[in-house]
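Here are the chains, one letter per residue:
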Amino acid sequence: MTIQWFPGHMAKARREVSEKLKFVDIVFELIDARLPLSSRNPMLDQIVQQKPRLILLNKSDLADINQTNQWLNYFRDQGHQVLALTAKDDKSVKQIVPASKKVLAEKIARDKDRGVKPRAIRAMVLGIPNVGKSTLLNHLAGKKIASTGNRPGVTKGQQWLRFGTQLELLDTPGILWPKFEDPAVGKKLALTGAIKDDLLHLDDLALYQLEIFCRYYPEQLKDRYKLTNEDLFLDFPELLMLISEKRGFRDDYERASEMLILELRQGKLGRYTLDRFEELSE
Ligand code: G4P
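Residues numbered from 1 in each chain as written. Predicted model: local features only at pLDDT ≥ 70, side-chain atom pairs only at ≥ 80, totals over all residues. Heavy atoms only, no water.

- As annotated in an unreviewed UniProt entry, the chain carries the name Ribosome biogenesis GTPase A and comes from Enterococcus malodoratus ATCC 43197.
- Annotation of the chain in UniProt includes, under Sequence similarities (unreviewed entry), the sentence "Belongs to the TRAFAC class YlqF/YawG GTPase family. MTG1 subfamily." (UniProt positions renumbered as here; feature names shortened; annotations may be inferred.)

Details of the site of the ligand
- Asp61, Asn130, Lys133, Ser134 and Thr135 are the nearest of the 15 residues found near the ligand.
- Valine 131 is positioned with one of its backbone polar atoms (N or O) 3.2 Å from an oxygen atom of the ligand.
- One nitrogen or oxygen atom from the side chain of threonine 135 is found 2.5 Å from an oxygen atom belonging to the ligand.
- For the ligand, the protein covers 64% of the area, taking 710 Å² as the surface of the free molecule.
- Here the residues of the shell around the ligand are counted per class, giving 4 nonpolar, 7 polar and 4 charged. (Near = heavy atom within 4 Å. Polar contact = N/O pair within 3.5 Å; in protein donor to acceptor, adjacent residues only side chain to side chain. Areas by Shrake-Rupley, 256 points an atom, 1.4 Å probe, with all protein chains shown as cover. Nonpolar A, V, L, I, M, F, W, Y, C, P; charged D, E, K, R; others polar.)

With respect to the domain arrangement of the chain
- Domain annotation for the chain reports domain 1 (7-175) and domain 2 (201-281).
- Distance between the C-alpha centres of domain 1 and domain 2: 33 Å.
- Surface buried jointly by domain 1 and domain 2 totals about 1200 Å² across both partners, of which 52% is contributed by carbon and sulfur atoms.
- Looking only at domain 1, the three residues that lose the most surface to domain 2 are Arg34, Asp64 and Gln67, adding up to 40% of its buried area.
- Run the count over domain 1 and domain 2 and you get 0 salt bridges.
- Across the contact surface, domain 1 and domain 2 share 13 residue pairs in polar contact (both at pLDDT 80 or more).
- Class assignment for the residues of the side of domain 1 that touches domain 2 results in 9 nonpolar, 4 polar and 3 charged. (Domains from an automatic or database assignment. Buried area = accessible area lost by both parts, 1.4 Å probe. Salt bridge = Lys/Arg side-chain N within 4 Å of Asp/Glu carboxyl O.)

This is the structure we're talking about:
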């Protein structure tokens, strides 16, 4: 389910997150490892301000490993603690407590010096829709929690979920809006399923997908659709036509586009990252 973000929703979401921040020691900013820039909320720094933060590049099982390593360094260079995460995987999720302790090392040392009895770290999960907030909460809590339905403000009062003795989490994540202004960002978010694709033309999205894969992942594209090296020199609409024929859709490009996007989302084209680190440096 995807929420339509109007200015009123954004103001409300921001207010709710700001209120919840008061209760926590640390924020877990969840972003999609395939979209380390596009899946961040544009106002996050302003909203979170000085609150300690751990950045989690989630869905790292779907992302291009080389790119993820470069993005991890990028965030570290900015002074952030950051982890590549797979929220579906308990082993991966277990890295969160030690990483949180690193973020809060000074506070923990200060409390110890003052003789304050150690208590569990209190955290909240924050991110745009579809980055895996509920999945992470479920895995941390070890049980299925109620789905938030990606709508801000569905529960009242603070409920805490316990992860062992060392971590407590607000049971509802903070849901913030994505960046919409840049059309390329919109396409990337739609391709990964973060925003509704009925806002965009399917064939535009599929052509964009082909452009990215021809440029960065040609072997994965060739393998999946039994293409030759020469095929990759076709222009993108021709390539879409060819794939459509190969799959028996003939000139039904809408169906071929739908299939391409679905297969991308199902991971059938292999790992990929849409926000390219090298484009940032350019
Ligand atoms: P949200 O609360 O931030 O909106 O996201 P949510 O947890 O609902 O996750 C959105 C989709 O992303 C879900 O897939 C979820 O399974 C998937 N997901 C979350 N974390 C990971 C991860 O680390 N790796 C992979 N591969 N997928 C992840 P879905 O198809 O919408 O639902 P489902 O059929 O999996 O339940």
